[in-house]
2 protein chains.
Amino acid sequence: MEKTEGSALITDLYELTMAASYFENQMFEPATFSLFIRDYPPFRRYFISAGLADILEYLENLRFTPQDLEYLSHTGLFKPEFLSYLERFRFKGDVYAIPEGRLFFVNEPLLEVTASMIEAQVVETFVINAAHLQVMIATKASRCVQAAWPRKLVDFSLRRTHGTDAGMKVARASFIGGFTGTSNVLAGKVYGLSVFGTMAHSFISSFESEEEAFRAFARTFPENTVLLVDTYDTLAGTRIAADLGKEMAQAGKMLKGVRLDSGDIAALSRDVRKLLRDTGLDNVTIFASGGFDEFKIRKVLGEGGDIDSFGVGTKMGVSADAPYLDMAYKLVQYGGRPVLKLSPGKTTLASEKQVFRFTTSKGKLRQDIIGLRDDDIEGSEALLEKVMSKGKANAKQPLLPQIQERFLEEFFRLDEKYRSLDKTEEEYPVELSLRLEELQSRLVRQLRDEAGGVEES
Amino acid sequence: MEKTEGSALITDLYELTMAASYFENQMFEPATFSLFIRDYPPFRRYFISAGLADILEYLENLRFTPQDLEYLSHTGLFKPEFLSYLERFRFKGDVYAIPEGRLFFVNEPLLEVTASMIEAQVVETFVINAAHLQVMIATKASRCVQAAWPRKLVDFSLRRTHGTDAGMKVARASFIGGFTGTSNVLAGKVYGLSVFGTMAHSFISSFESEEEAFRAFARTFPENTVLLVDTYDTLAGTRIAADLGKEMAQAGKMLKGVRLDSGDIAALSRDVRKLLRDTGLDNVTIFASGGFDEFKIRKVLGEGGDIDSFGVGTKMGVSADAPYLDMAYKLVQYGGRPVLKLSPGKTTLASEKQVFRFTTSKGKLRQDIIGLRDDDIEGSEALLEKVMSKGKANAKQPLLPQIQERFLEEFFRLDEKYRSLDKTEEEYPVELSLRLEELQSRLVRQLRDEAGGVEES
């Protein structure tokens, strides 16, 4: 099987046909493209930057292999000169980006690429693909984290993520959004995340009795015994688990937890807690799973559920209520001149930009201003950092725990109304700088004055 | 970057902890697991089998590498004897499956794995991951195909699929569901699909004028000139394209098509067609893109849109209105005894099974019966085929065009009411065979008689 990861052919054909025409027309002038989200999906009023590490790795390693070129040649679309150009192709551009884990908002450039036209254009498909998924999932995950706070959440979504690459990226992005770890073993290995998981119902069913299954598991994992107690009857199962827990305690071991996966979780969890306490097992944790997302977590906790941590699967892993974002990668400057696209609800912001963030004296997020990159806006923090120069990523990339820490620190400084789990009309204030505003007006006038009239979508 | 594809660690940790305990308890008896979908998502009354090829490839090549074992050892969870077992681990089981491209329905086993307990269990996560995505996407794609029939559809979703693996699998599964091709170049290479695409708005904006951009592109691709005409004004753009088309015709070339990506597509497409015809360009195709799914296709065609083919992107590629399926992989037999799980709405069907399909004398699909694998049900077609024996896939796997053909042939033999794009209550009739019914009743009675009572979820 051909490898997908890192392949230069993971791209839309039009990136390559445009490139061929740019090449033939010798259009190598520098272009800047801007990556941003045009609109909030329902129930969302913020986004979390995520996916940058993958984009930088892709840009650094982008190569067309001899097999790639052979395939492209075989399509009959491309001339030999262009294929020779692709053979030597390297991404040598600059990238500015909002670091992973930071909050950002609609229309703010999450990332800007400046490179010669072909280089900046052909990376579009992958750049969107990588950022889109991880921003969407980190944002969805953070809603679950907020609903459960300060309880712990574990990503259980791998079986129903859209493919295996998504399984990896969901583990990573949900960690950025505040999750504790994942069930995905490879994500544990690759990203250094904590991995969680013990047994399925099939494990219990394959023994003669529940007790036998529990004992077998505890023998194999005396340090990591979390027992799934709902295969037959949750409270009966918990009693068996509690008896085993008492035995383990007498032998100097400890039952780590029980898992509930069905039924009325709020009521069951209280009964299970009482039963555990009555058996003297105060430190046994209660882990709940089964169809959880931010709404079900809130509901179960609102009903008095006594739960220490949640396994959160499918609905987080596919961002079920908002499975895509209106993310776009648009040309904003070419050959030194700012470019703007005008169309109702789809206007792009011209030129190379920066996002300036203001906080209150108490540290609360107050307002963002989108400005020109060389704007100097006092009292604000500039969010976009130069993360790649001439095709080389800046060596110092933060580790995932640092990214998560940065996110959580900033998240709770965002006013609650923008963090609401529910539908809300109010948007975090984002304005344009004077100079960007003036540039936009001038370009709009120019476009209207030109023969072509107003640009559309 | 570590490769994800084909890694044995793309699995939930609990598959490995269960395996370790099975190993320690010497539980190597044969087990059968069944893969099925518990419920229809809204607006769906059928599914298309897809993803089998990836599952077979995975099962044939499943290996724990020295690096995998080193990581597992480093977690501190596993004993050396078990890690040695994993080092030698190969999947040596049998697989029965409904071939790709066939229709199937709720509760029908799409695939059954019989292998020693550990082998059958540890493949769960990947098997669900692979089948879930492709079944979901093929089904979604087929709805678009039906809405557009007999017009052609091209997968444009790569930029917003959930990761790159999804980008590949969506291209493949949408082809099975009746699409003509994809914009994804690597999918073209790997799966032999036709690839489509020409230019983005950024291409037009980077030239001094629309005409200059069109001419540049036509010079580079005289055989494959599809012009995006809506960057400034759709009809003005079409006039420029038509003039160029006339010139090309005079030079013995041919303008292939124009693409519309915004505005009132139905009305614009009619005007564009008239303009093309008036210029004598009867064979220039009109290609539409921009937010299409089955509903928007139906709407635009219902409004008299004159369109030859559609680019269908995000909403198909993430199955936006139903981004996950309730697909499960459950133990149905262990050590020769049938296993059943009882719980409201989640009852599993015990034992090794077969699906028997009845058609009317006119070839219409009439009814399916889920039976025991060795049931002999006259006048029906048995759907599950043995696709793997002792870990070796049967050599003869159909090619993608054959799979698509098989799908389309059967699809239009399914009664329209089950193919409806809209919400419908009625379900295609699926019943249990007498012998399966009897087995289920007996097992339910046994479970109820046993101390544990009724099994739950």
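Residues numbered from 1 in each chain as written. Chains lettered and ligands numbered in written order. Predicted model: local features only at pLDDT ≥ 70, side-chain atom pairs only at ≥ 80, totals over all residues.

**Some remarks on the interface of chain B and chain A**
Rule in force here: Here, residue contact means that the backbone-derived C-beta atoms of the two residues sit within 7 Å. In this description a helix means any DSSP run of H or I spanning at least four residues, a strand means any run of E spanning at least two, and both kinds are numbered starting from the N terminus.
Residue-level contacts link 91 residues of chain B with 92 residues of chain A. Listing elements by their share of the side of chain B that touches chain A, those giving two or more residues are α1 (13–24), α5 (117–122), α6 (124–148), α7 (163–176), α8 (185–191), α9 (201–205), α10 (210–220) and β13 (327–334) of chain B. Broken down by element, the side of chain B that touches chain A gets its largest block of residues, 8 residues, from α1(B).

**What about the pairing of strand β18 (residues 385–389) of chain A?**
Residues and elements named next belong to chain A. The following threshold applies: Strand pairing is assigned whenever DSSP detects at least two bridges linking the two strands.
Examined bridge by bridge, strand β3 (residues 94–97) and β18 share 3 bridges and lie antiparallel to one another. Residue Val95 lies in a different strand from β18, and its bridge partner there is Met388. Two elements, β18 and strand β19 (residues 392–393), share 2 bridges in a ladder whose sense is antiparallel. Each residue of the ladder has a partner; that of Ser389, found in β19, is Lys392. Connecting β18 to the next strand, β19, in antiparallel fashion are 2 residues, including Lys390 with a positive phi near 45°.

**Considerations on the sheet that holds strand β15 (residues 353–359) of chain A**
All names here are of chain A. Put simply, the rule is: Lines fitted to C-alpha atoms define the axes, with helix axes restricted to the stretch in contact, and inter-axis angles between N-to-C directions lie between 0 and 180 degrees.
An order of β17-β15-β16-β20 is seen for the 4 strands of this open sheet, with the pairing classed as mixed. Edge strands, defined here as strands with exactly one partner in the open sheet, are β17 (381–382) and β20 (430–432). Pairing of strand β16 (residues 365–372) with β20 involves 3 bridges; the strand directions are parallel. Bridging across to β20, Ile370 finds its partner in Leu432. Sheet contacts for helix α17 (residues 434–449): β15, β16 and β20; angle to β16, the most-contacted strand, approximately 50°.

**With respect to the environment of Gly379(A)**
Turning to its location among the elements, Gly379(A) is positioned in the loop between β16 and β17. Here the alpha-carbon distance between Gly379(A) and Lys256(A), two residues 123 residues apart in the chain, equals 50 Å.

**Comments concerning the sheet that holds strand β7 (residues 181–182) of chain B**
The strands making up a sheet are joined through hydrogen bonds of the backbone, oriented either antiparallel or parallel. All names here are of chain B. Spatially, β8-β7-β6-β12-β11-β10-β9 is the arrangement adopted by the 7 strands of the open sheet, whose pairing is parallel. The two strands at the open ends of the sheet, each matched to only one other strand, are β8 (194–195) and β9 (226–228). With 3 bridges joining them, β9 and strand β10 (residues 257–260) adopt parallel strand pairing. What sits directly across from Leu228, in β10, is Arg259.

**Describing α10(B)**
Quick reminder of the rule: Residues are called buried when their C-beta atom has 20 or more other C-beta atoms within 10 Å, exposed when it has 12 or fewer, and partly exposed otherwise; all C-beta atoms are positioned from the backbone. Directions from the helix axis toward the C-beta atoms define the arc.
For α10(B), the set of buried residues is Glu210(B), Ala213(B), Phe214(B), Phe217(B), Ala218(B) and Thr220(B). Seen end-on, α10(B) carries its buried residues on one side only, within an arc spanning 160°.

**Examining the pairing of strand β1 (residues 30–37) of chain B**
Residues and elements named next belong to chain B. For β1, the buried fraction is high: 7 of the 8 residues fall into the buried class. Where β1 meets strand β5 (residues 111–116), 6 bridges bridge the pair, whose relative direction is antiparallel. Considered in β5, the bridge of Ser34 is made with Glu112. Pairing geometry for β1 and β13, over 7 bridges, is antiparallel. Within β13, the residue paired with Ser34 across the bridge is Lys330.

**With respect to the nonpolar core**
Heads up, the rule is: We call a set of buried Ala, Val, Leu, Ile, Met, Phe, Trp, Tyr and Cys residues a nonpolar core when their C-beta atoms link them within 7 Å.
Formed by 281 residues in total, the largest nonpolar core has its most connected members in Ala131(A) and Ala131(B). In contact with Ala131(A), other than residues within four places in its own chain, are Leu35(A), Gly51(A), Ile55(A), Leu110(A), Leu111(A) and Met327(A).

**Focus: the relation of the copies chain B and chain A**
Note the following rule: Alignment of copies: least-squares fit on C-alpha atoms of residues with pLDDT of at least 70 in both copies.
The operation relating chain B to chain A is a screw motion whose rotation component is 180°, with 0.0 Å of axial translation and a residual RMSD of 0.0 Å. Taken together, the turn and the small shift mark the pair as related by a two-fold rotation axis.

**Focus on the domain arrangement of chain A**
All names here are of chain A. Threshold: These domain limits were set by an automatic method or by a database of domain assignments. Under the scheme applied, nonpolar residues are Ala, Val, Leu, Ile, Met, Phe, Trp, Tyr, Cys and Pro; charged residues are Asp, Glu, Lys and Arg; polar residues are all the others, including Gly.
Per the domain assignment, the segments of chain A are domain 1 (13–137 + 325–449) and domain 2 (150–317). Of note, the centres of domain 1 and domain 2, computed from C-alpha atoms alone, are 39 Å apart. Of the residues lining the interface, 13 residues belong to domain 1; the matching set on domain 2 comes to 15 residues. Take the side of domain 1 that touches domain 2: its biggest share by element is 5 residues, from helix α15 (residues 400–411). Of the residues belonging to the side of domain 1 that touches domain 2, the class tally is 9 nonpolar, 3 polar and 1 charged.

**With respect to the environment of Leu365(B)**
Residues and elements named next belong to chain B. Along the chain, Leu365 turns up in strand β16 (residues 365–372). For Leu365 and Tyr428, which are 63 residues apart along the polypeptide, the C-alpha to C-alpha distance reads 9.0 Å. Apart from residues lying up to four places away in sequence, Leu365 is in contact with Arg357, Thr359, Arg413, Leu414 and Asp415.

**Description of unusual backbone geometry**
Note the cis peptide between Trp149(A) and Pro150(A), where omega equals 0°. Among the structural elements, Pro150(A) can be located in the loop between α6 (124–148) and β6 (152–155). Phi at Phe43(A) takes a positive value of approximately 70°, unusual for a residue other than glycine. Relative to the helices and strands, Phe43(A) resides in the loop between β1 (30–37) and β2 (47–48). In this model, Asn107(B) sits at a positive phi of 75°, which is unusual for a non-glycine residue. Structurally, the position occupied by Asn107(B) is in the loop between β4 (103–104) and β5.

**Overview of the environment of Leu193(A)**
Residue and element names in this part refer to chain A. Structurally, Leu193 can be placed in the loop between α8 (185–191) and β8 (194–195). When the 23 C-beta atoms within 10 Å are taken as the criterion, Leu193 is described as buried. Along the primary structure Leu193 and Arg172 are separated by 21 residues, whereas in three dimensions their C-alpha atoms are 8.2 Å apart. Those residues in contact with Leu193, other than ones at most four positions away along the chain, are Ala171, Phe175, Gly181, Thr182, Ala187 and Gly188.

**Structural notes on the packing of α6(B) against α7(B)**
Residues and elements named next belong to chain B. Counted only if it meets this: Each angle receives one of four descriptions, namely roughly parallel if under 35 degrees, roughly antiparallel if over 145, roughly perpendicular if within 65 to 115, and oblique otherwise. Here a crossing is called left-handed whenever its near helix is offset anticlockwise from the far helix by less than a right angle, and right-handed whenever the offset is clockwise.
Orientation of α6 relative to α7, taken along the N-to-C sense of each, is 50°, at an axis distance of 8 Å. The orientation of α6 with respect to α7, classified from their angle, is oblique. Here α6 and α7 pass one another in a crossing that is right-handed. On α7, the residues touching Leu133, Gln134, Ile137, Ala138 and Ala141 of α6 are Ala166, Lys169, Val170, Arg172, Ala173, Ser174 and Ile176. Of the residues assigned to the contact of α6 with α7, the class counts are 8 nonpolar, 2 polar and 2 charged.

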